[in-house]
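A structural walkthrough
In case you want the letters, here they are:
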Amino acid sequence: VQLQASGGGLVLAGGSLGLSCTASGFTFNNYRMSWWRQAPGKEREFVATITWGGGSTLYADSVRGRFTISRDNAKNTLYLQMNSLKAEDTATYYCAAALTPVGLAPNRAEEYDTWGQGTQVTVSS
């Protein structure tokens, strides 16, 4: 079971960046997926989540209206399109899968048991 995040980089404030997370080793289209981020010296923070079929999404207040989570089950890939980026969006971004959900709210980290290695996003102001 593996999640491989990619697409991070350096972008100017107000710019856009797209992240991808490629899954392998499990039936991707059966499971809820999510994006999280962690800035230096801060706690890991929920960003967005999407149901197995893509029909339902949930966003953190801080990114709603600017970020869009999506998935392509045929390609076993999760996406995060980030627009109108701000300096405070600077963090390492992680994708996560809930392969054995325990019934917590989808914005709780404990609901996810499989995590990718992270990709760095730096927004310069």
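Relevant structure appears above.
Residues numbered from 1 in each chain as written. Predicted model: local features only at pLDDT ≥ 70, side-chain atom pairs only at ≥ 80, totals over all residues. Heavy atoms only, no water.

A word on the overall build of the protein chain
In terms of regular secondary structure, the protein chain is built from zero helices and eleven strands. Over its C-alpha atoms the protein chain spans a radius of gyration of 13 Å, differing by no more than 12% from the 14 Å that the globule rule assigns to 125 residues. Of all 125 residues assigned to the protein chain, the portion counted as buried reaches 42%. For the protein chain, restricting intrachain contacts to residue pairs at least 6 apart in sequence, the fraction spanning at least 24 positions comes to 56%. Accessible surface, the protein chain as shown: approximately 6,200 Å² in total, 47% of it carbon and sulfur. (Helix = DSSP H or I, 4+ residues; strand = E, 2+ residues; numbered from the N terminus. Rg over C-alpha atoms; globule rule 2.2 N^0.38 Å. Buried < 20%, exposed > 50% of the residue type's maximum accessible area, 1.4 Å probe, protein only. Contact = heavy atoms within 4.5 Å. Areas by Shrake-Rupley, 256 points an atom, 1.4 Å probe, with all protein chains shown as cover.)

Remarks on the nonpolar core
W35, L78, L80, M82 and Y93 are the most contacted members of the largest nonpolar core, which totals 37 residues. Every element with two or more residues in this core is listed here: β1 (2-6), β3 (17-24), β4 (33-38), β5 (45-50), β7 (67-72), β8 (77-82), β9 (91-97) and β11 (119-124). When residues in this core are grouped by element, the largest group, five residues, is from β9. Those residues within four positions of L80 in sequence are excluded, and the remaining contacts are L17, G18, L19, W35, V47, F67, T68, I69 and Y93. (Core = buried A, V, L, I, M, F, W, Y, C linked by side-chain atoms within 4.5 Å.)

Here's the deal with the state of the cysteines
Going through the model one piece at a time under the given rule, you end up with one disulfide. Across a sulfur-sulfur distance of 2.1 Å, C21 and C95 are joined as a disulfide pair. The sign of the S-S torsion, about 70°, decides the handedness of the disulfide formed by C21 and C95: right-handed. Of this pair, C21 sits in strand β3 while C95 is found in strand β9, placing the two residues 74 residues apart along the sequence. (Disulfide = S-S within 2.5 Å.)

Quick look at the sheet that holds β1
What links the strands of a sheet is backbone hydrogen bonding, and the strands pair in either a parallel or an antiparallel sense. Taking strand neighbours across the sheet as the criterion, the four strands line up as β1-β3-β8-β7 in an open arrangement whose pairing is antiparallel. Each having just a single partner strand, β1 and β7 make up the two edges of the open sheet. Here the average twist between neighbouring strands, direction ignored, is 15°. Note that β1 and β3 share five bridges and pair antiparallel. The residue bridging L3 from the neighbouring strand is A23, located in β3. (Pairing = 2+ DSSP bridges. Axes fitted to C-alpha atoms, helices over the stretch in contact; angles between N-to-C directions.)

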